[in-house]
Amino acid sequence: QVQLVESGGGLVQPGGSLRLSCAASGFTFSTYIMSWYRQAPGKERELVATITSGGTITNYADSVKGRFTISRDNAKNTVYLQMTSLKPDDTAVYYCKRAGIKVYWGQGTQVTVSS
């Protein structure tokens, strides 16, 4: 049973930092490309960051480049998103996604950037 569980969201002030985690189970985590997406109110879900199976190659949306860092720990079956210099426009529900013939999504974790 494939399962992706996000955690680490919350309320943070502009300029602050937050670290999201996605715990994976039910599949061979180390062989899959993993991604983070986000969806803000009234907007479509958008790709934030992607990381290859070995963690050697990463890619980011232009809007977060230089501020966010995606990483993974295959021994812990976990992918992370370190977010810094947060802006109100970063407010969204953040989702973990597994690539593959069948795509799996977590339930999401809320990030709110506000003073």
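Placed above this text is the structure.
Quick notes on the rules
- Residues numbered from 1 in each chain as written.
- Predicted model: local features only at pLDDT ≥ 70, side-chain atom pairs only at ≥ 80, totals over all residues.
- Heavy atoms only, no water.
- Helix = DSSP H or I, 4+ residues; strand = E, 2+ residues; numbered from the N terminus.
- Rg over C-alpha atoms; globule rule 2.2 N^0.38 Å.
- Buried < 20%, exposed > 50% of the residue type's maximum accessible area, 1.4 Å probe, protein only.
- Contact = heavy atoms within 4.5 Å.
- Areas by Shrake-Rupley, 256 points an atom, 1.4 Å probe, with all protein chains shown as cover.
- Lys, Arg positive; Asp, Glu negative; His and termini not counted.
- Charge placed at Lys NZ, Arg CZ, Asp CG, Glu CD.
- Disulfide = S-S within 2.5 Å.
- Phe/Tyr/Trp six-rings, centres within 6.5 Å; stacked < 30°, edge-to-face > 60°.
- Salt bridge = Lys/Arg side-chain N within 4 Å of Asp/Glu carboxyl O.
- Polar contact = N/O pair within 3.5 Å; in protein donor to acceptor, adjacent residues only side chain to side chain.

1. Overview of the overall build of the chain
Scanning the chain for helices and strands turns up 0 helices and 11 strands. Moving toward the C terminus, one meets the helices and strands of the chain in the order β-β-β-β-β-β-β-β-β-β-β. Computed over C-alpha atoms, the radius of gyration of the chain comes to 13 Å, within 12% of the 13 Å expected from 2.2 N^0.38 for 115 residues, which places it in the range of a compact globule. Dimensions of the chain, computed from C-alpha atoms along their principal axes, come out at roughly 40 × 25 × 20 Å. Residue burial in the chain is summarised as follows: out of 115 residues, 40% are buried. Counting only contacts in the chain whose residues sit at least 6 apart along the sequence, the fraction spanning at least 24 positions is 52%. Total accessible area on the chain stands at roughly 6200 Å², and carbon and sulfur atoms take up 47% of it. For the chain, the separation between the mean place of its 12 positive charges and that of its 7 negative charges on side chains is 5 Å.

2. With respect to the state of the cysteines
Here, disulfide denotes a covalent bond that connects the sulfur atoms of two cysteines. What the rule picks out here adds up to 1 disulfide. Here Cys22 pairs with Cys96 through a disulfide, and the sulfurs are 2.1 Å apart. Note on the Cys22 and Cys96 pair: the S-S dihedral is about -80°, so by sign convention the disulfide is left-handed. Placement of Cys22 in strand β3 (residues 18-25) and of Cys96 in strand β9 (residues 92-98) is noted, with a sequence separation of 74 residues between them.

3. Regarding the packing of aromatic side chains
Within the structure shown, the criterion is met by 4 aromatic pairs. Relative to Phe29, the ring of Phe27 has its centre 6.2 Å away and its plane inclined at 50°; by these criteria the two rings are tilted. Phe29 shares its class with Phe27; the two are buried. Ring geometry for Tyr95 and Trp105: centres 6.4 Å apart, planes at 90°, overall edge-to-face. Separated by 10 residues along the polypeptide, Tyr95 in strand β9 and Trp105 in strand β10 (residues 104-105) bring together distant segments of the chain. We classify Trp105 as partly exposed; its relative accessible area is 35%. In textbook terms, an aromatic cluster arises when at least three aromatic residues are bridged by ring pairs, as seen for Phe27, Phe29 and Tyr32.

4. What to know about the side chain of Arg98
Its place among the elements puts Arg98 in strand β9. No salt bridge is formed by the buried Arg98; its nearest oppositely charged neighbour, Glu6, is found at 13 Å. A distance of 3.2 Å separates the side chain of Arg98 from the backbone oxygen of Lys102, its partner in a polar contact. Aside from chain neighbours lying at most four places away, what touches Arg98 is Val2, Leu4, Phe27, Tyr32, Ile33, Met34, Val103 and Tyr104.

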